[in-house]
Amino acid sequence: MLTSQLSQPSLLKPGLEMMGWLALALFFYILTFNFADEVGSFAWGAASWPRGVILTIVIGAVFQFYLQLRQAHRLKSFAPLSDETPEDSSSEPPIDYRRAIGVFLIPLVYLLALPRIGFYIATPVFLAGFIYYLGERRWGLILGVTLFIYGLVNLVFTKLFYVALPTGIWPGFYDFSNWFVTAIR
Amino acid sequence: MLNDFLLGTSILFSDPVGIGLFVAGLLGGMLFGAIPGINMLTLGAVILPFTAAMSPTHAIMLYSVIYCAGVFGGAITAILFNIPGSPENAPTAFDGYPMTLKGQAGKAVGAAVICSAFGGLISCIVMMAATPLIAMWAVKSFGPPEIFGLICFGLAVSASVGAKTLWKGILSVGLGLLIATIGSDPSDGIARFNFDSYYLLAGIHFIPMVLGLFAVSEVFAQTASRVSGIQGKVKIGLEFPSWMEFWVNRFVVIRSVFIGFFAGILPGIGAVLAAFLSYSEAVRWGRKDQKFGKGELAGVIASETANNSATGAAMIPLLALGLPGGALTAMMMGVFQLHGMEPGPLIFIQSKDLVWTVFAAMFFANISILFLGYIQTKTVVHLLRVPFHLLAPGILLIATVGAYGLRNLVVDVWVMFIAGIVGFFLRRSGYSIAGIVLGLVLGELGESSFSRSMQLLDYSFVELLSRPIAGALIGLACLTMAYNVYNELRKRSA
């Protein structure tokens, strides 16, 4: 009966949420056994507090799902169950999933490139690429904004505050980055 | 007191170097507080070595001014972009950003400016009048059990705000607490959840998490949607709320001043909890027609009054007893040590000029917030006119630099990125980002105060609850949760 109820669209999302939270709790609970035996000055050990927090999460997840299940029974309808009141349902703008993939991927690629080719080479490429992806097609504006942001960040962090940004580890890129930093400073 | 204040004022404004440092501290604190990822702590850390060349008075004065301006600085970006510059500005975004979306950005900013200045000024005046007395009482009466009780109460209250339901609020705070356990346990340094990683042994720093959960997730939310940016015409300007609007919210202001001061005076608690507590109390005591979370002025007032009220109070344990109230005041301890001085009761006798110059500087810094707000409104607010697709890469880049510059670790940037993705999905599902941050910020302190309490009280919960202040706070926490659960059940039954 629970399975058929879960398969109804109205309880699928809350059911998945509960399972997600329980999976997280179970994962961390299993990990606590790695250090549960280590007892220092605190007699209850290093695992007691995390386990208390995990228990709180389990209680919260179960209660949340239980109350949603109870509400679904009370309503006895197939309308999508939501925690939102009607006026809340439009508070977050709708996602364009295809666009979202690029929005997540481009910064991800930038992060992967950062330690390898360095901040000073990866950043202008990232800025220009991301602005283009987000819809700007005027190349003059793309280049102008890229140079402005890149220049400002270099001025403040590299020149003024001497923040050591990644220079990369790949040959060629590392040398260029070091030359660039020396030139700025 | 008045004579001492006038002495401090004359010392402050008769020295051109002092005036220059005062202005630099104001602008630097405001700027660093406003930019996500680089907050006043970053500025404080960067200038610490340079303070050796300054006089002790100048150095401490500079930090105190940075503190006042920095706590305020993050309010503007919280209101305009839903990106709090610092964690203590997070509750400001709950209602400040919806006000911006309704075209009331100027009023929200105006309220933040006035209330920050007011909260800071009151706190400063009380600080000047009552430092020796209050410090002795607070530090003697508040040991680890009381601090644990206060954190319990703060977390119980925070679980009820910012999320769509109480249970999502509890889960949000729980997630923050769980993340805070990564690294090592505060009692004995035993490694926990570090997956044999050297980097994770130090724990997840809250700054990359804040950057990810607020700045990065906001960029993702705006750019991944079909419609991004602020819709409709946005009225940009500094517009102070009317006297009637302040009169209607007078109890919010008074309550927030007290909450901020009380939270600020306790070592380690500070402006973050002050802001969250104050906001949640405003929600609890609000009228039925007030819609918190949808652009309610009282929400902005509560948060900004409390976090600035905490600044003056945080100086009390530092100056009177040598106990830092937070990270920036801990840096100020470093400044004292650089100059061979030790804060404590004797400092009022040995370095009276220093103390009263600092008090005067904080007083005038809080007045200056009125002008800072005007300056910031004329500069930062115009970023609203920039299309978001041009602003978003810049925000991501600054957040990346901010996360990396903390410890020069790429892993912090990854933490920020992952937090951004998680935050994006959690927000859409109605969880509280601010609850996660609060759990993360207070988790370690909560655990260390709990473990020390248990060791002090021979692991007896009865002993813990029989301490008047600790028992009262824990009792209040339980009552708060029970009341919230009752409300939730009643809402669902209706």
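Fair warning: this is a prediction, and the values are worked out from it, not measured in the lab.

Student: Is there a simple way to think about the overall build of chain A in this case?
Tutor: Of the regular secondary structure elements, chain A holds seven helices and zero strands. Listing every helix and strand of chain A by position from the N terminus yields α-α-α-α-α-α-α. Burial statistics for chain A: of 185 residues in total, 26% are counted as buried.

Student: Looking at this structure, how should I read the overall build of chain B?
Tutor: Of regular secondary structure, chain B possesses 21 helices and two strands. A total of 494 residues make up chain B; the buried ones form 63% of that total. Counting only contacts in chain B whose residues sit at least 6 apart along the sequence, the fraction spanning at least 24 positions is 78%.

Student: Where do I start with helix α5 (residues 90–101) of chain B in this structure?
Tutor: Residue pairs three or four apart in sequence face the same way in an α-helix, which turns once every 3.6 residues. Residue and element names in this part refer to chain B. The end-to-end C-alpha distance of α5, which contains 12 residues, comes to 17 Å, matching closely the 16 Å that a straight helix rising 1.5 Å per residue would cover. In terms of burial, α5 is a largely internal element, 11 of the 12 residues being buried. Two residues or fewer past α5, Gly103 is found with a positive phi of approximately 85°.

Student: For this particular structure, what's the right way to read the interface of chain B and chain A?
Tutor: In many reports, interface size means the accessible area that the parts give up when they come together. Taken together, the contact between chain B and chain A spans 53 residues of the former and 55 residues of the latter. For the side of chain B that touches chain A, the secondary-structure elements that each account for two or more residues are α8 (166–180), β2 (191–192), α9 (206–224), α17 (388–407), α18 (410–428) and α19 (433–456) of chain B. If you tally residues by element for the side of chain B that touches chain A, the top one is α17 of chain B, at 11 residues.

Student: It is not clear to me how the confidence of the model for chain A should be interpreted in this structure. Could you clarify?
Tutor: Any segment with low pLDDT has predicted coordinates that should not be analysed in fine detail. The predicted model of chain A has a mean per-residue pLDDT of 82, with 85% of residues at 70 or higher. With pLDDT under 50 throughout, residues 78–90 of chain A is counted as low confidence; its partners more than four residues away or in other chains account for 17 contacts.

Student: Sorry if this is basic, but what is going on with the environment of Met454 of chain B here?
Tutor: On the secondary structure map, Met454 of chain B appears in helix α19. We classify Met454 of chain B as buried; it has 22 C-beta atoms within 10 Å. Not counting residues up to four positions away in its chain, the partners in contact with Met454 of chain B are Trp44 of chain A together with Tyr459 of chain B.

Student: Quick question: what am I supposed to make of the packing of helix α4 (residues 97–117) of chain A against helix α5 (residues 119–133) of chain A here?
Tutor: Angle between the axes and distance between the axes are the two parameters that describe a pair of packed helices. Residues and elements named next belong to chain A. Orientation of α4 relative to α5, taken along the N-to-C sense of each, is 170°, at an axis distance of 9 Å. Overall, the two elements α4 and α5 adopt an arrangement that is roughly antiparallel. Of α5, the residues touching α4 (which contributes Gly102, Ile106, Tyr110, Ala113, Leu114 and Ile117) are Phe119, Ile121, Ala122, Phe126, Gly129, Phe130 and Tyr133. By residue class, the composition of the contact of α4 with α5 is 11 nonpolar, two polar and no charged.

Student: Explain the packing of helix α7 (residues 144–158) of chain B against α19 of chain B here, please?
Tutor: Residue and element names in this part refer to chain B. Packing of α7 against α19 leaves a shortest axis separation of 8 Å and a crossing angle of 150°. Taken as axis vectors, α7 and α19 run roughly antiparallel relative to one another. The handedness of the crossing between α7 and α19 is left-handed. Contacts between α7 and α19 involve Pro144, Pro145, Ile147, Phe148, Ile151, Gly154, Leu155 and Ser158 from the first element and Gly435, Leu438, Gly439, Leu442, Leu445, Gly446, Ser449, Phe450, Arg452, Ser453 and Leu456 from the second. Looking at the contact of α7 with α19 residue by residue, the class counts come to 11 nonpolar, seven polar and one charged.

Student: Can you walk me through unusual backbone geometry in this structure?
Tutor: Negative phi is the rule for most residues except glycine; trans is the rule for most peptide bonds. Residues and elements named next belong to chain B. The phi angle at Phe195 is positive, at roughly 50°, despite the residue not being glycine. Secondary-structure assignment places Phe195 in the loop between β2 and α9. The class of Phe195 is exposed, set by 11 C-beta atoms lying within 10 Å.

Student: Help me out: how do you make sense of the environment of Thr51 of chain B in this one?
Tutor: Residues and elements named next belong to chain B. Note that Thr51 resides in the loop between α3 (40–47) and α4 (56–81). The class for Thr51 is buried, based on 21 C-beta atoms found within 10 Å. Measuring from C-alpha to C-alpha, the distance between Thr51 and Tyr63 comes to 9.8 Å, with 12 residues separating the pair along the chain. Residues within four places of Thr51 in sequence aside, it is in contact with Ala59, Val335 and Leu338.

Student: Could you clarify how one ought to interpret the nonpolar core in this entry?
Tutor: Most often, soluble globular proteins keep nonpolar side chains buried together rather than apart. Among the nonpolar cores identified, the biggest contains 203 residues, and Tyr63, Val65, Ile79, Val216, Phe359 and Val437 of chain B are the most heavily contacted of them. When residues in this core are grouped by element, the largest group, 18 residues, is from α4 of chain B. When residues are assigned to domains, this core turns out to be shared by domain 1 (2–85) and domain 2 (108–184) of chain A, each giving three or more. Setting aside anything within four residues of it in sequence, one finds Phe359 of chain B in contact with Phe5, Gly8, Cys124, Met127 and Met128 of chain B.

Student: Please explain the confidence of the model for chain B as it appears in this structure.
Tutor: Residue and element names in this part refer to chain B. When pLDDT is averaged along chain B, the result is 82; 88% of the residues meet or exceed 70. In this model, residues 228–234 is a region of pLDDT below 50 whose contacts with residues beyond four sequence positions or in other chains number 15 contacts. As a predicted assembly, this complex carries a pTM of 0.75 together with an ipTM value of 0.85.

Criteria and thresholds
Per chain, residue numbering runs from 1 following the sequence as it is written. The lettering of chains begins at A and the numbering of ligands begins at 1, in the order of writing. Two thresholds apply to this predicted model, a pLDDT of at least 70 for residue-level local features and 80 or more for giving and counting side-chain atom pairs, whereas whole-chain, interface and lining totals are computed over all residues. What counts as a helix is a DSSP run of H or I of at least four residues, what counts as a strand is a run of E of at least two, and both are numbered from the N terminus. Here a residue counts as buried when 20 or more other C-beta atoms sit within 10 Å of its C-beta, as exposed when there are 12 or fewer, and as partly exposed otherwise, the C-beta atoms being derived from the backbone. Residues are defined as contacting one another if the C-beta atoms placed from their backbone atoms lie within 7 Å. Take the residue count of a helix, subtract one, and multiply by 1.5 Å to get its expected span. A residue's pLDDT is the predictor's confidence in that residue, given on a scale from 0 to 100. Whenever a helix is involved, its axis is fitted only over the stretch in contact; in every case the axis is a line through C-alpha atoms, and angles between N-to-C directions fall within 0 to 180 degrees. Roughly parallel refers to an angle under 35 degrees, roughly antiparallel to one over 145, roughly perpendicular to one between 65 and 115, and oblique to any angle outside these ranges. Three classes are used: nonpolar for Ala, Val, Leu, Ile, Met, Phe, Trp, Tyr, Cys and Pro, charged for Asp, Glu, Lys and Arg, and polar for all others, with Gly counted as polar. Crossings are classed by handedness, with left-handed meaning an anticlockwise turn of the near helix from the far one by less than a right angle and right-handed meaning a clockwise turn. Each nonpolar core consists of buried Ala, Val, Leu, Ile, Met, Phe, Trp, Tyr and Cys residues. Their C-beta atoms, within 7 Å, join them into a set. Boundaries between domains were set according to an automatic or database domain assignment.

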